[in-house]
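Understanding the architecture of this molecule
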Amino acid sequence: MKYVYLLQSLSHPDQRYVGLTADFDKRLAAHNAGQSSHTAKYRPWKLVTFIAFVDDVQAINFVKYLKSGSGRAFAEKRLWL
């Protein structure tokens, strides 16, 4: 099982992050501990939403989509609260 997750910074609410993991709890803890260079300066992070995928390829493709222009527009309209 793979999880595509969307995070929002609590200290900088305009900062958002899309990621992929097999162990969400461990990954969120790593983001909040500053172990990711991409997210360390905007911690702490909160979970906005996640989507579980049984198929790894579908999960990877969805992350790629969310990081594209049309995917960011979709996420802005449908996923970010």
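First, a word on what this report is: a plain description of the structure on this page. Residue indices follow the written sequence of each chain, beginning from 1 at its first position. Selection of residues for local features in this predicted model requires a pLDDT of at least 70, selection of side-chain atom pairs for listing and counting requires 80 or more, and totals for whole chains, interfaces and linings are taken over all residues. Side-chain metrics in this entry use all non-hydrogen atoms of the structure; hydrogen atoms and water are not considered.

With that settled, the discussion passes to the packing of aromatic side chains. Two rings belonging to Phe, Tyr or Trp (six-membered ring only in the last case) form a pair when the distance between their centres is within 6.5 Å. Interplanar angles under 30 degrees mark stacking, angles over 60 mark edge-to-face geometry, and anything in between is tilted. A full pass over the atoms with the stated rule returns 8 aromatic pairs. Judged by centre distance (5.8 Å) and plane angle (70 degrees), the rings of tyrosine 3 and phenylalanine 50 are edge-to-face. A residue pair is termed long-range when its members are at least 10 positions apart, and tyrosine 3 in strand β1 (residues 2–9) and phenylalanine 50 in strand β3 (residues 45–53) qualify at 47 residues. When a residue's accessible area, from a 1.4 Å probe over protein chains only, is under 20% of the maximum for its type it is buried; when over 50% it is exposed; and in between it is partly exposed. Classification of phenylalanine 50 as partly exposed rests on a relative accessible area of 44%. Grouped by ring-pair contacts, the aromatic residues Tyr3, Tyr5, Tyr17, Phe24, Trp45 and Phe50 constitute a single cluster. By definition, being over a ring means that NZ of Lys or CZ of Arg is both within 6 Å of the ring centre and within 35 degrees of the ring normal. If you follow lysine 67 out to its NZ or CZ, it ends over the ring of tyrosine 17, 5.9 Å from the centre. The helix count covers DSSP runs of H or I at least four residues long, the strand count covers runs of E at least two residues long, and both are numbered beginning at the N terminus.

A separate point is the sheet that holds β1. When DSSP finds at least two bridges between two strands, those strands are taken to pair. Sheet architecture is open: 3 strands sit in the order β2-β1-β3, paired in antiparallel fashion. The open sheet has two free edges, formed respectively by β2 (16–21) and β3, since each of these has just one partner strand. Here the strands of the sheet are splayed against their neighbours by 20 degrees on average, with no regard to which way each runs. Contacts are assigned to residue pairs with any non-hydrogen atoms lying within 4.5 Å of each other. Axes here refer to lines fitted to C-alpha atoms; in helices the fit is confined to the stretch in contact. Angles between the N-to-C directions go from 0 to 180 degrees. The strands that helix α1 (residues 24–32) touches are β1, β2 and β3; relative to β1, the one it contacts most, it runs at about 30 degrees. On the sheet, helix α2 (residues 56–66) packs against β1, β2 and β3 and is oriented at approximately 25 degrees with respect to β1.

Time to look at the pattern of salt bridges. A pair can form between side chains of opposite charge whenever their charged atoms are brought close. Basic side-chain nitrogens of Lys or Arg form a salt bridge, by our definition, when they fall within 4 Å of a carboxyl oxygen of Asp or Glu. All chains considered together, the criterion is met by 1 salt bridge. Between arginine 16 and glutamate 76 there is a salt bridge, with its nearest N and O atoms 2.6 Å apart. Here arginine 16 is found in strand β2, whereas its partner glutamate 76 is found in helix α3 (residues 69–78), with 60 residues between them in sequence. Judged by its relative accessible area of 31%, arginine 16 falls in the partly exposed class.

Moving on, we get to the pairing of β2. Of the strand pairs in this sheet, β1 and β2 are connected by 6 bridges, and their pairing is antiparallel. Bridge pairing in β2 links valine 4 to leucine 20. Hairpin connection from β1 to β2: 6 residues lie between these consecutive antiparallel strands.

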